[in-house]
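Fold and geometry: a report
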Amino acid sequence: MKFTKKQIERYSRQIILKKIGVIGQKKLLKSSVLIVGAGGLGSPIAIYLAALGIGQIGIIDKDNIEISNLSRQIIFSTNDLKKNKSSTAISKLKKINPDIEFKSFNKKLTKKNINTIAKNFNLIVDGSDNFRTRFLINDYCLQNKKILISGAISKFDGQVYTFNFSKKKSPCLRCFVPNAPTNLDIDNCEYEGVLGTLGGIIGTIQANEVIKEILEIGDTLCGHILIIDGLKLTFRKVKLNKRSDCYCNEI
Ligand SMILES: [Zn+2]
């Protein structure tokens, strides 16, 4: 693939970076990332990944935009109310970067459809709001040896974890959460509240991890969890050990 003059200009601030260069930028344009959830996390994740040139981006979300979403789901505007999230997000992203090939999935991610939807993507970014979806993505990525970058926000706090299942020793989400909550579908943001900026902080770190994983630069979070307290402004990177009795040992 050859860059056009416009592409060289568009990505010039990244191409100039020694760790990226022309080769790295081409690698980004050849990558495919599936974003699960076009919400508080999915908004900054999608905006950054599209802007900086991830070549193929899929977004899955079955929900429609509600007024209570707008305090943190910054990709949407007041005149988008009642429209579908994934297709509306994509129409905005196309304006940011027409280079990108987008795929909209206006549905809920389930055990039945995850294989068909996720098979064409190298990497999955989880911006979902419930444990049922988080575990589903964790188990799929584990079985298919894919990279998963997961994030969660609640109140003034957030967490990011990266699992690279192509590496044998990678722990999984179930190692970290051995006892699943009784109600897997509960959305913490709805019941406990969340400050809008947390989506920006955590989602942007997730997007940053995506780039590092694709380009294999720096130290990724793989095998660690980053715990952020937005009020005290502390960032704790904690090593996550693989539990010997976890499901991931059976794969
Ligand atoms: Zn595990």
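Whatever comes next refers back to the structure up there.
All values derive from a computational prediction rather than experimental measurement.

A closer look at the overall build of the protein
Looking only at helices and strands, one finds 10 helices and 8 strands in the protein. Considered along the principal axes of its C-alpha atoms, the protein spans approximately 55 × 45 × 40 Å. For the protein, the residues scored as buried account for 53% of the 251 residues in total. A separation threshold of at least 6 residues defines the contact pool for the protein, and within that pool the share at least 24 residues apart is 64%.

Brief notes about the packing of aromatic side chains
Counted according to the given criterion, the structure contains 5 aromatic pairs. Summarising the aromatic geometry, the rings of tyrosine 161 and phenylalanine 163 are spaced 5.8 Å apart at their centres and angled 25 degrees between planes, so their arrangement reads as stacked. Phenylalanine 163 sits in the buried class, given a relative accessible area of 0%. Its guanidinium or amino end placed over the ring of phenylalanine 131, arginine 134 lies 4.8 Å from that ring's centre, counting from NZ or CZ.

Looking at the sheet that holds strand β4 (residues 123–126)
For sheets, the rule is that strands pair by backbone hydrogen bonds, running either parallel or antiparallel. Pairing is mixed across the open sheet formed by 8 strands, whose spatial order is β3-β2-β1-β4-β5-β6-β7-β8. Two strands close off the open sheet at either side, each with one partner strand: β3 (101–105) and β8 (234–239). Sheet twist, expressed as the mean angle between neighbouring strand axes with direction ignored, is 15 degrees. The pairing of strand β5 (residues 147–154) with strand β6 (residues 157–164) spans 8 bridges and is antiparallel. Following the sheet pairing, alanine 152 is matched in β6 by glutamine 159. The strands that helix α5 (residues 85–96) touches are β2 (56–60) and β3; relative to β3, the one it contacts most, it runs at about 165 degrees. Those strands touched by helix α7 (residues 131–144) are β1 (32–36), β4, β5 and β6, and its axis lies near 165 degrees from that of β5.

Regarding the pattern of salt bridges
The full count for this structure, using the stated rule, is 7 salt bridges. Across the salt bridge formed by aspartate 63 and lysine 62, the nearest N and O atoms sit 3.0 Å from each other. Look at aspartate 63 and you get partly exposed, because its relative accessible area is 31%. Given the relative accessible area of 44%, lysine 62 is considered partly exposed. Where lysine 83 meets aspartate 80, a salt bridge forms, and the shortest distance between an N and an O atom there is 3.3 Å. What emerges from the salt-bridge pattern is a single network uniting Asp80, Lys83 and Lys92.

Remarks on the coordination of the zinc ion
Coordination angles at a metal have ideal targets, namely 109.5 degrees for four tetrahedral donors and 90 or 180 degrees for six octahedral donors. Note on the zinc ion: its protein donors are Cys172 (SG), Cys175 (SG), Cys246 (SG) and Cys248 (SG). The metal-donor distances range over 2.3 Å. In the primary sequence, the donor residues of the zinc ion line up as C-x2-C-x70-C-x1-C. Here cysteine 175 is found in helix α8 (residues 173–176), whereas its partner cysteine 248 is found in the segment after β8, with 73 residues between them in sequence. In this structure, cysteine 175 and cysteine 248 share a single accessibility class: buried.

Definitions and limits used
Residues numbered from 1 in each chain as written. Predicted model: local features only at pLDDT ≥ 70, side-chain atom pairs only at ≥ 80, totals over all residues. Heavy atoms only, no water. Helix = DSSP H or I, 4+ residues; strand = E, 2+ residues; numbered from the N terminus. Buried < 20%, exposed > 50% of the residue type's maximum accessible area, 1.4 Å probe, protein only. Contact = heavy atoms within 4.5 Å. Phe/Tyr/Trp six-rings, centres within 6.5 Å; stacked < 30°, edge-to-face > 60°. Lys NZ or Arg CZ within 6 Å of the ring centre and 35° of its normal. Pairing = 2+ DSSP bridges. Axes fitted to C-alpha atoms, helices over the stretch in contact; angles between N-to-C directions. Salt bridge = Lys/Arg side-chain N within 4 Å of Asp/Glu carboxyl O. Donors = N, O, S within 2.8 Å, 3.2 Å for Na, K, Ca; no water.

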